[in-house]
Amino acid sequence: MRQRLGTGMNRAAVRRAADIGKRVEYLAFSIAGELYAVKIAFVAEILKPLPITEVPRAPRNVVGVMSVRGRLVTVIDLRRRLRMPEAPIDAHTRILLTDIGQGEQIGLMVDRVNQVYRLAENEIEPADVLGGDQPAHIAGIGRPDRALLILLNLIPILTV
Amino acid sequence: MPEGPGGRGESPADKARDDFFSEAQELLDGLSRDLLALDERSRRGESDPELINDVFRAVHTLKGLAGLFGAARMTALSHQLEDVLDDLRLGRIELTARVLDLLFQSVELYGLILSAEKGQAPEPSGEVESLLVALGELSSEHAGGGPGTLAHYDLDPSILGVLTEYEEHRLRTNIQSGLSLFRIRVQLSLATIDSALEDLKGKARPHGEIITYLPTGNGGETESIELEILIASQSTLEELRIPISGPNLTIEEVAKRAPTGRPSAAPLAVSPLRPQTPKVAAAPPAPSMLPSPPPAPPTSAGRGTLPPPPSVSMSPPRGAGGVPGGRDLSLRSVSQTVRVDIRKLDHLMNIVGELAIVRTALARTRERVRGNPALRELGIELHRLHRAFDRHLMQMQNGILEVRMVPLGQIFEKLARVVRQISREQDKQVNLVITGAETEIDKLIVEELSDPLMHMIRNAIDHGIESRDARVDVAKPPVGTIALNAFQKGNVVIIEVEDDGAGMKREVLMETAIRKNLITATEAEGLSPREIYNLVFLPGFTTREEATDLSGRGVGMDIVKTNIGKLGGVVDITSEPGIGTKIAVTLPITLAIISVLGVEVAGHSFAVPLASVEEAIVLDETLIRNFNGREAMTQRGVTLPVCRLAQLFGLADRPVGDLVSARKTKSCVVIAQVGDRRLGFIVDRLIGQQDIVIKPLGKSLSGVRGFAGATELGDQRVGLVLDVAALIEEVLASEKDLHLAYERRA
Amino acid sequence: MSRVLVVEDSASTRAFVRAVLEDEGFAGLVGDCEVVLATSGFDAMRLLPRGHYDLIITDINMADINGLELIHFIRKSDHHRATPLIIISTQNTERDIERGLALGANAYLPKPFTAEGLRELVLRYLGTKGNEAGPASESAAARGPVG
């Protein structure tokens, strides 16, 4: 609040901070070797897999339910959702607890979690750069320094 | 969409926002109750100035809150309402039907505004504008009150200085009506003053109107206080002494001054009151609230004793009109109740669930220690501790369950408002008679019930109750009646919605169902009367071609049935053409903890609510008959359809370790019953009975049929709880003809 | 450390006032405030003899003992005869406010007030000894723009 902006170095730091303010943070994770990402604002928690109970006759993409501190959370397998072959759970598998404000947190199972990228506007390409008629869950392509991220829209993914 | 947690720099308004919503809701609930009571009183030709003042204060408070928390629309509405209510309580305008209507509309609108503030609904701007205009037309132009006659009474001037304007007005009005003024002096301990005062109020109210409470400052010690209570009454001092009595209490009449001419005490310096010209002749009475009798103290004899708070009062006799006396409800002593967020209760229940798991582990440990003779002393100690733990845990569990219970009266009041609104909109006068509003049920169930009940009542008014003329034609009373009854029966609560309308004709129902391809003509012939009436619950069924604005809101009876099913309940409908229709909803009292029977199917564990289990028997495969893929057996001389859960759930073809050995051991049949329908579930083995905390599955899985929820099994594993009613329905739905074929064969 | 008694029967108004008084920035100006909440006139009467208060903020429109009666009582007592006293009230009862000032309150703040308005007024009285019992010297309405 009452900061003193003194030397030039401080000023530069403030300016960089202001820049960062304009970027959006994405959490990147891998599925079958590809890097994907979602806005981190929608990820409430990252968990190691807990015992998951299968729910008979649930939609295909649903792996089952698990208990997180007493609450029941539906878990969706992102591999299944993205029509990829299944893989066994291993030491790197993680469950992203996502919250898109619909009153329920849904778990998203991914192969491994990578890191958080702060993407500036010029580092995001719209989905149609891949050609028209992209599926609804593709939000765009993220191109931070040395990586390529497929940015995902969560609503189509989490709607069973 | 949330953008993450709120940052620092929240304003005070943001920090207290939840308190605002909670308090506003409470105020609205109280307002609604009071208005209903006012409505009833006004129909009887009575007035209740205290009630009007309560309504004024509620709106007054809402206005203040709305301003503090930046809810502009609420402020505007409150401002206008306050003016009208002020005019009302000061006697400047009358409480006509039109005024009451607008007041009711205001409550509805407040509700909508509050939802909009919470971000749960769109802003009702248009409605607010028109209501503001209508309210504005009501406010009167005349200044208040008649000339004062307070000079006549021997009151200490300083007392008059601490009366609020309203209290002063009430004082004047009572005096002008010829009532006497009394002074009750009582010494009360500060620690218990709230309940002591409630007591005293209860004793005093039937006999007069309490004007104000004044601390005299003669308390002496700091822990007690002396109050002077001014009360206006038609009774004499002798009459009042009997009911209004107690330790440290005296009551005397406030003497009238000698008439002018005789030098008496110093002239009353009662600034800023208007200077009094002491006149002996009575001044013309101030305009009264209602056309007929001048404001009288609240009715006493004939009303019976007040029931203790906070329960709701009993219903008036059938046909007496109106809804239960809401006034008694507003003995909502603020200090006696706590408003609790249901999520906190859920959290507590979770902890109880975890403790239950600990208790089981404790029992196992106790067994192990018992088995070791060297640890005998320890074993006894452990046993004692386990028992104590178990006992206290049960008590806590029951205690929390009780806290979750709320009286159904909560939603019944909302329904009463709806009935009033609809019956004014249509040319149908409808009387809503409520019994059993004090019946309690789990809070979560209550919240989900209000929509289905509202829909049923709208249906009853729209399709059931005939127009005035039609009713008179068939010699029915012109005012239709809808009875809302609730009562507890063992483990369930039954809510009935019964109307004395036109009823439903079976032929019409069948014909509609056939026309909409919901059943075939042959199927229709085999239906029992009860099954015919229950056709209305089929998806896609509506008897009117154009759904009217009221009931055609996209919620069909099938959705009502599904929603009630999700709460673990069932709904049934019967009717008699020309007489009326009755819908009965049966619900479990609480969702939270249920007793279940654990079963294992193809390596998976499931829980079957014991309330639906008739018995469990060992399966004798030789008894099973097969009809086109459906199976049934004879059990105790009657047909029992059976269903293999492994097949139904598609689990049979999963490779499970001992599937082979499972064949060798006998399977079991869990015979479930809901209503008069039975089904035997074939499972691999029984695990055992236990009490569990049932939790709902998320909305994401709402499309999956057959599960009522799930529970924690310890070690963070989860067991699914079967929705027996839904499963029975699913399995038996298409079985009717085969069922009949089997009967004939056997 | 100042002790403030807030007498108000509305839960959310209490929460609001407390948030204002306990705000970090505000504490920087007046020092820490210990906020004591009373839910009714009687509640206040229980609390007053038990401690020392540097400021009392009270509503007028409360059930049972209304704020005016409370003010009268406070100004008659030995303990808090001179404690600064602020009324929070609404404009519809101007007569009541006049009476409140006549009974010895120091200032009134009409509802709806803003956080700034409340802060300003509190600032003025914390740290002062307040008036002797008697007619108020200020009837300042420290009102911010009404939302």
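Structure first, text after, so check above.
Quick caveat: nothing in here was measured; it's all calculated off a predicted structure.

Rules behind the numbers
Residues numbered from 1 in each chain as written. Chains lettered and ligands numbered in written order. Predicted model: local features only at pLDDT ≥ 70, side-chain atom pairs only at ≥ 80, totals over all residues. Helix = DSSP H or I, 4+ residues; strand = E, 2+ residues; numbered from the N terminus. Buried ≥ 20, exposed ≤ 12 C-beta atoms within 10 Å, placed from the backbone. Core = buried A, V, L, I, M, F, W, Y, C linked by C-beta atoms within 7 Å. Contact = placed C-beta atoms within 7 Å. Nonpolar A, V, L, I, M, F, W, Y, C, P; charged D, E, K, R; others polar. Expected span 1.5 Å × (residues − 1). Pairing = 2+ DSSP bridges. Axes fitted to C-alpha atoms, helices over the stretch in contact; angles between N-to-C directions. Parallel < 35°, antiparallel > 145°, perpendicular 65-115°, else oblique. Left-handed = near helix turned anticlockwise from the far one by under 90°.

Draft legend 1. Up close: the overall build of chain C. Counting its regular elements, chain C contains 6 helices and 5 strands. Traced from its N-terminal end to its C-terminal end, chain C shows the element sequence β-α-α-β-α-β-α-β-α-β-α. Taken over 147 residues, chain C has a buried fraction of 54%.

Draft legend 2. Structural context of the nonpolar core. Within the largest apolar cluster, 154 residues are counted, with the highest numbers of intra-cluster contacts made by V55(B), I231(B), I457(B) and I86(C). What I231(B) contacts, discounting residues up to four positions off in sequence, is F182(B), I184(B), A204(B), G208(B), E209(B), I210(B) and I211(B).

Draft legend 3. Fine view of the interface of chain C and chain B. Taken residue by residue, the interface counts 36 residues in chain C and 35 residues in chain B. At the level of elements, α1 (11-22), α3 (41-47), α4 (67-76) and α5 (94-103) of chain C are the ones that each hand at least two residues to the side of chain C that touches chain B. If one sorts the elements of the side of chain C that touches chain B by residue count, α1(C) sits on top with 7 residues. Looking at the side of chain C that touches chain B residue by residue, the classes come out as 16 nonpolar, 10 polar and 10 charged.

Draft legend 4. Structural detail: helix α12 (residues 342-370) of chain B. With 29 residues, α12(B) extends 42 Å between its outermost C-alpha atoms, agreeing within 8% with the 42 Å of an ideal straight helix rising 1.5 Å per residue. Of the positions making up α12(B), those classed as buried are M349(B), V352(B), G353(B), A356(B) and R366(B).

Draft legend 5. The arrangement of the interface of chain B and chain A in detail. Facing 22 residues of chain B, the contacting portion of chain A comprises 21 residues. Those elements giving two or more residues to the side of chain B that touches chain A turn out to be β21 (707-714) and β22 (717-722) of chain B. Ranked by residues supplied to the side of chain B that touches chain A, first place goes to β22(B) with 3 residues. The residue makeup of the side of chain B that touches chain A, split by class, is 10 nonpolar, 7 polar and 5 charged.

Draft legend 6. Local environment of the sheet that holds strand β8 (residues 112-119) of chain A. Residues and elements named next belong to chain A. Reading across from one edge, β8-β1-β2-β11-β10-β9 is the order of the 6 strands in this open sheet, with mixed pairing throughout. With one partner strand each, in any of the chains shown, β8 and β9 (124-126) form the two edges of the open sheet. Mean inter-strand twist for the sheet, computed between neighbouring axes without regard to direction, equals 35°. Of the strand pairs in this sheet, strand β1 (residues 24-31) and strand β2 (residues 34-39) are connected by 6 bridges, and their pairing is antiparallel. Directly across from I31, in β2, lies its bridge partner E34.

Draft legend 7. The arrangement of the packing of helix α3 (residues 49-68) of chain B against helix α4 (residues 72-89) of chain B in detail. Residue and element names in this part refer to chain B. Where α3 contacts α4, the two axes come as close as 9 Å, and the packing angle between them is 155°. Taken as axis vectors, α3 and α4 run roughly antiparallel relative to one another. Helix-helix and strand crossings are classified by hand; for α3 and α4 the assignment is left-handed. Within the contact between the two elements, α3 uses P49, I52, N53, V55, F56, V59, H60, L62, K63, A66 and G67 and α4 uses M74, T75, S78, H79, L81, E82, L85, D86, L88 and R89.

Draft legend 8. Representation of unusual backbone geometry in the model. Residue and element names in this part refer to chain B. The backbone of A602 shows a phi angle near 50°, a positive value even though the residue is not glycine. Along the chain, the position of A602 falls in the loop between β12 (593-601) and β13 (604-609). Taking the number of C-beta atoms within 10 Å as the measure of exposure, A602 has 21 and is therefore buried. Its identity is not glycine, yet R636 carries a phi of approximately 50°, on the positive side.

Draft legend 9. Spotlight on the sheet that holds strand β16 (residues 630-635) of chain B. Residues and elements named next belong to chain B. Read across the sheet, 6 strands follow the order β14-β18-β19-β17-β16-β15 without closing on themselves; strand pairing throughout is mixed. Only two strands of the sheet have a single neighbouring strand rather than two, namely β14 (613-618) and β15 (624-627). Mean inter-strand twist for the sheet, computed between neighbouring axes without regard to direction, equals 30°. Where β15 lies against β16, 4 bridges are found, and the strand directions are antiparallel. Bridging from a neighbouring strand, F627 pairs with R630 of β16.

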